[in-house]
Amino acid sequence: MSHPTREQILQAAATLYAEHGFRGTTTRAIAECACVNEVTLFRLFGSKENLIVEAMRAHSVPVHVGTLPEMPLDPPSELTAWAKQTATVLVSMRAMIRQAMSDADQSPEMPKCVSRGADATFDALYSYFDRLRAHGFVPADANIRAAASMLISALFHDSISREYMPQFFPDEADAPGTYAQLCLKSVDFSAAPPVAQRRAS
């Protein structure tokens, strides 16, 4: 039988943390889940906190969200597809995000680990809106920062809170697309072709 890899240990720590939080996740449980002894955990990571923080950093960044195109052609479809993929990733991380938020007072590093993924997601979305503006899909004075923030906030709130307050949200299947369309409307989106295409014609 092969020895557990560092990634297997981090996966075990992340899984247990999502289920039990920082207090309820013991090094003994992590060791048993990863099929390794506790001494190995401390030799590799030094402490329980270091191990869980590294596990959070490794498993809290959404890596499966589709990339928004460099050349926007159909913003409503592109943004809707991205919103659906982002919502799926957030739902899959929901337990971990909730635990990190609840552990903020005890360990401020936990929510910071989650926010690394949020930062990357916001940067990608903001850059896409900037490209929409550059290609003439939205006005030059559109508040694209607020629009990007609003869309991410809607997706985050829906993913984390829907099961407790379903009455406040659109139909689950339609919600990401609804948020995307409202976001485009907030920046006065126009379905006119990109600037480059208009010039060519």
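For the structure, see preceding data.
Residues numbered from 1 in each chain as written. Predicted model: local features only at pLDDT ≥ 70, side-chain atom pairs only at ≥ 80, totals over all residues. Heavy atoms only, no water.

Here's the deal with the overall build of the protein
Okay, so step 1: When its secondary structure is counted, the protein shows 10 helices and zero strands.
Okay, so step 2: Counting helices and strands in the order they occur from the N terminus, the protein gives α-α-α-α-α-α-α-α-α-α.
Okay, so step 3: A total of 201 residues make up the protein; the buried ones form 41% of that total.
Okay, so step 4: Restricting to contacts in the protein with at least 6 residues of sequence separation, those with at least 24 account for 71%.
Okay, so step 5: Of the roughly 10900 Å² of accessible surface on the protein, a fraction of 55% belongs to carbon and sulfur atoms. (Helix = DSSP H or I, 4+ residues; strand = E, 2+ residues; numbered from the N terminus. Buried < 20%, exposed > 50% of the residue type's maximum accessible area, 1.4 Å probe, protein only. Contact = heavy atoms within 4.5 Å. Areas by Shrake-Rupley, 256 points an atom, 1.4 Å probe, with all protein chains shown as cover.)

What about the packing of helix 1 (residues 6–24) against helix 6 (residues 94–102)?
Okay, so step 1: Put simply, helix 1 and helix 6 touch, their axes get as near as 8 Å, and they point 60° apart. Taken as axis vectors, helix 1 and helix 6 run oblique relative to one another. Seen along the crossing, helix 1 lies across helix 6 with a hand that is left-handed. Only Ala95, Met96, Gln99 and Ala100 of helix 6 make contact with helix 1, whose side of the interface consists of Ala14, Tyr17, Ala18, Glu19, His20 and Gly21.
Okay, so step 2: Residues that form the contact of helix 1 with helix 6 fall into these classes: six nonpolar, three polar and one charged. (Axes fitted to C-alpha atoms, helices over the stretch in contact; angles between N-to-C directions. Parallel < 35°, antiparallel > 145°, perpendicular 65-115°, else oblique. Left-handed = near helix turned anticlockwise from the far one by under 90°. Nonpolar A, V, L, I, M, F, W, Y, C, P; charged D, E, K, R; others polar.)

Some remarks on unusual backbone geometry
Okay, so step 1: Its identity is not glycine, yet Cys35 carries a phi of approximately 60°, on the positive side.
Okay, so step 2: Positionally, Cys35 belongs in the loop between helix 2 (27–34) and helix 3 (38–45).
Okay, so step 3: Overall, the relative accessible area of 52% leaves Cys35 in the exposed class.
Okay, so step 4: Although it is not a glycine, Asp188 adopts a positive phi angle of roughly 55°.
Okay, so step 5: On the secondary structure map, Asp188 appears in the loop between helix 9 (175–186) and helix 10 (195–200).

Regarding the pattern of salt bridges
Okay, so step 1: Scanning the model with the defined rule gives seven salt bridges in all.
Okay, so step 2: Here Glu163 ties to Arg94 by a salt bridge, and the two come within 3.5 Å at their closest N and O atoms. Here Glu163 is found in the loop between helix 8 (144–161) and helix 9, whereas its partner Arg94 is found in helix 6, with 69 residues between them in sequence.
Okay, so step 3: Accessibility expressed as a relative area gives 47% for Glu163, which makes it partly exposed. (Salt bridge = Lys/Arg side-chain N within 4 Å of Asp/Glu carboxyl O.)

Some points on the packing of aromatic side chains
The geometry of an aromatic ring pair is captured by the separation of the ring centres together with the interplanar angle, meaning the angle of the planes.
Okay, so step 1: Considering all chains together, one arrives at three aromatic pairs under this definition.
Okay, so step 2: With a centroid separation of 6.0 Å and 20° between ring planes, the pair formed by Phe122 and Tyr126 is classed as stacked. Placement of both Phe122 and Tyr126 in helix 7 (residues 109–134) is noted, with a separation of four residues, approximately one turn of the helix.
Okay, so step 3: Under the relative-accessibility criterion, Phe122 is labelled buried at 17%.
Okay, so step 4: A centroid spacing of 5.9 Å and a plane angle of 25° characterise the contact between Phe137 and Phe189, whose relative ring orientation is stacked. Within this pair, whereas Phe137 is found in the loop between helix 7 and helix 8, its partner Phe189 is found in the loop between helix 9 and helix 10, the two being separated by 52 residues in sequence.
Okay, so step 5: Since its relative accessible area comes to 2%, Phe137 is described here as buried.
Okay, so step 6: Cation over ring: Lys48 sits above Phe22, and NZ or CZ is 4.4 Å from the ring centre.
Okay, so step 7: For the cation-ring pair, Arg145 lies above Tyr126, with the distance from its terminal atom to the ring centre recorded as 4.8 Å. (Phe/Tyr/Trp six-rings, centres within 6.5 Å; stacked < 30°, edge-to-face > 60°. Lys NZ or Arg CZ within 6 Å of the ring centre and 35° of its normal.)

Focus on helix 4 (residues 48–59)
Okay, so step 1: Helix length check: helix 4 (12 residues) gives 16 Å between terminal C-alpha atoms against 16 Å at 1.5 Å per residue, within 8%.
Okay, so step 2: All of the buried residues along helix 4 are Leu51, Ile52, Val53, Ala55 and Met56. (Expected span 1.5 Å × (residues − 1).)

A word on the nonpolar core
Okay, so step 1: Formed by 31 residues in total, the largest nonpolar core has its most connected members in Leu79, Trp82, Leu125, Phe129, Leu132, Leu151 and Leu155.
Okay, so step 2: Examining the composition of this core, we find that seven residues originate from one element, helix 8, more than from any other.
Okay, so step 3: Once residues lying within four places of it in the same chain are set aside, the contact partners of Phe129 are Leu79, Val138, Ile144, Ala147, Ala148, Cys183, Leu184 and Val187.
Okay, so step 4: Core analysis: the next-biggest nonpolar cluster, separate from the first, contains 21 residues, Ala14, Ile30, Ala55 and Met96 among them. (Core = buried A, V, L, I, M, F, W, Y, C linked by side-chain atoms within 4.5 Å.)

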